[in-house]
Amino acid sequence: MYPDHPRTPDASDATPAAVPALETRELTKVYGTATAMYDGQVAVSGVSLAIPRGSLYGLVGANGAGKTTWLSMATGLLRPSHGSAFLDGHDVWADPVAARGRVGLLPDGPTMSEALPGHVALRHVGVLQGLATDVADARAADLMAVFDIAGSADKPVSSYSAGMKKKIGLAAALIHSPRLLVLDEPLEAVDPVSAVTIREILQRFTATGGTVVLSSHSMTLIEQICTHVAILDKGRLVTAGETAAVRAGTSLESILVDTVNKSAADGADTAAPGLDWLDGGNGVR
Ligand SMILES: Nc1ncnc2c1ncn2[C@@H]1O[C@H](COP(=O)(O)OP(=O)(O)OP(=O)(O)O)[C@@H](O)[C@H]1O
């Protein structure tokens, strides 16, 4: 039932297993230009992380923790302020063609021309990734069937629901059968049935030698399918490792909540306001 095209062999298949699929060293992003009045927004601060090949690596953190910024820098979508990133040992900025060809990306935002019908948009992505047109068409059809959006193949992507756009974005990330998948919140807005399918595809992908890095706010998803997990808080890497070791017998949710609460308490100079006025409409307006 799943797309079953073998990954195209290339020189990268000779990469030693010890070389991480993705590695960042001291990766840092400061948005904006620092002035006398403004320090700039430090979104990611000195994150060094190695993603082992064959792992299904989860990235978690509160809203604004820096997940999207780190993923974007790690894959060459966003230039870092400092530090470096490597895909299969290739420097993302010094050797962009070799590095970026290895990765299938589901970024936070549109990945294709949304004015095009879904199957045409996917064909374009496949051809841009070096596939012959007939191969791209066949894979687009396979992927749209698996993700249950084949019935909308002739409709423009702009007319798709949020979940359908997520699924066609995932199809675009998979179409060239990459070695590494980097997915920003792949299950956001996706229905439960499709979510099961996607989880199975990701697990199958790693079982056949691929590597997946994904961000998610679903601790259940991370606990159930991720071999490894990293926690970001306010742009800093708090902890990373095998999921069981990071959990250490407790839940990821409680670790994340404790981490965020502790750093909020450390940074607060006054107690957060309550919402006493939110009383079901019974109080004084
Ligand atoms: N283009 C930008 N310009 C300025 N600041 C930005 C920009 N993009 C993100 N930020 C800031 O960088 C920080 C990290 O944002 P980022 O989107 O990476 O977090 P995230 O962990 O992916 O959040 P979420 O879970 O809400 O998607 C936040 O403080 C955010 O406001």
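Residues numbered from 1 in each chain as written. Predicted model: local features only at pLDDT ≥ 70, side-chain atom pairs only at ≥ 80, totals over all residues. Heavy atoms only, no water.

Participant: Got a minute to help me understand the nonpolar core in this structure?
Facilitator: Nonpolar side chains tend toward joint burial in soluble globular proteins. Of all hydrophobic cores here, the largest spans 47 residues; its most connected members are F147, L183 and L214. When residues of this core are assigned to their parent elements, the largest contribution, six residues, is made by helix α5 (residues 162-174). Here this core gathers at least three residues from each of two domains, domain 1 (16-102 + 180-265) and domain 2 (113-177). The residues touching F147, leaving out its near neighbours within four places in the chain, are K167, L170, A171, L174, S194, I198 and I201. Grouped together as the second largest cluster of nonpolar side chains are 24 residues, L22, I51, A85 and V103 included. (Core = buried A, V, L, I, M, F, W, Y, C linked by side-chain atoms within 4.5 Å. Buried < 20%, exposed > 50% of the residue type's maximum accessible area, 1.4 Å probe, protein only. Helix = DSSP H or I, 4+ residues; strand = E, 2+ residues; numbered from the N terminus. Domains from an automatic or database assignment. Contact = heavy atoms within 4.5 Å.)

Participant: Help me understand a nonpolar patch on the surface, please; the structure alone is not making it clear to me.
Facilitator: Together, L275, W277 and L278 give the surface a local cluster of nonpolar side chains, amounting to about 390 Å² of exposed area. The residue W277 is located in the segment after α9 (252-267) in this model. The exposure class of W277 is exposed, given its relative accessible area of 60%. (Patch = residues over 30% accessible without salt bridge, like charges linked within 9 Å, V, L, I, M, F, W, Y side chains within 5 Å. Areas by Shrake-Rupley, 256 points an atom, 1.4 Å probe, with all protein chains shown as cover. Salt bridge = Lys/Arg side-chain N within 4 Å of Asp/Glu carboxyl O.)

Participant: What is the right way to read the site of the ligand from this model?
Facilitator: In the vicinity of the ligand lie 13 residues, with G64, K67, T68, T69 and H217 positioned nearest. At a separation of 3.1 Å, an oxygen atom of the ligand approaches a polar backbone atom of A65. Calculation on the ligand without its partners gives an accessible area of 650 Å², and the protein chains cover 61% of this total. Elements that contribute at least two residues to the shell around the ligand include exactly β2 (41-51) and α1 (67-74). Counting residues per element, the shell around the ligand draws most heavily on α1, which supplies three residues. Its residues assigned to classes, the shell around the ligand shows four nonpolar, seven polar and two charged. (Near = heavy atom within 4 Å. Polar contact = N/O pair within 3.5 Å; in protein donor to acceptor, adjacent residues only side chain to side chain. Nonpolar A, V, L, I, M, F, W, Y, C, P; charged D, E, K, R; others polar.)

Participant: Can you walk me through the sheet that holds strand β3 (residues 56-60) in this structure?
Facilitator: Hydrogen bonding along the main chain pairs the strands of a sheet, whether they run parallel or antiparallel. The strand order across the open sheet built from six strands is β6-β7-β8-β3-β9-β10, with neighbouring strands paired in mixed fashion. Both edges of this open sheet fall to β6 (103-106) and β10 (236-242), since each of them pairs with a single strand only. Within the sheet, the average angular offset between the axes of one strand and its neighbour, ignoring direction, is 15°. The pairing of strand β7 (residues 180-184) with strand β8 (residues 211-215) spans five bridges and is classified as parallel. When the bridges of β8 are listed, L183 appears paired with L214. (Pairing = 2+ DSSP bridges. Axes fitted to C-alpha atoms, helices over the stretch in contact; angles between N-to-C directions.)

Participant: Just checking my understanding: could you explain the domain arrangement of the chain for this structure?
Facilitator: Often, the extent of an interface is quoted as the loss of accessible area upon association of its parts. Assigned domains of the chain: these are domain 1 (16-102 + 180-265) and domain 2 (113-177). The C-alpha centroid of domain 2 is placed 25 Å from the C-alpha centroid of domain 1. Listed per partner, the contact involves 14 residues of domain 1 and 10 residues of domain 2. Of all residues in domain 1, the largest losses of buried area upon contact with domain 2 belong to L181, I198 and I201, amounting jointly to 33% of the total for that side. Residue K166 pairs with E188 through a salt bridge whose shortest N-O separation is 3.4 Å. Taken together, the links from domain 1 to domain 2 amount to four residue pairs in polar contact (both at pLDDT 80 or more). At the level of elements, β7 and α6 (192-207) are the ones that each hand at least two residues to the side of domain 1 that touches domain 2. (Buried area = accessible area lost by both parts, 1.4 Å probe.)

Participant: Would you explain α1 in this entry?
Facilitator: What sets the pattern is the α-helix's 3.6 residues per turn: residues three or four places apart point alike. Most of α1 is tucked away: seven of the eight residues are buried. Along α1, the residues classified as buried are K67, T69, W70, L71, S72, M73 and A74. One or two steps after α1, the chain reaches G76, where phi turns positive at roughly 85°.

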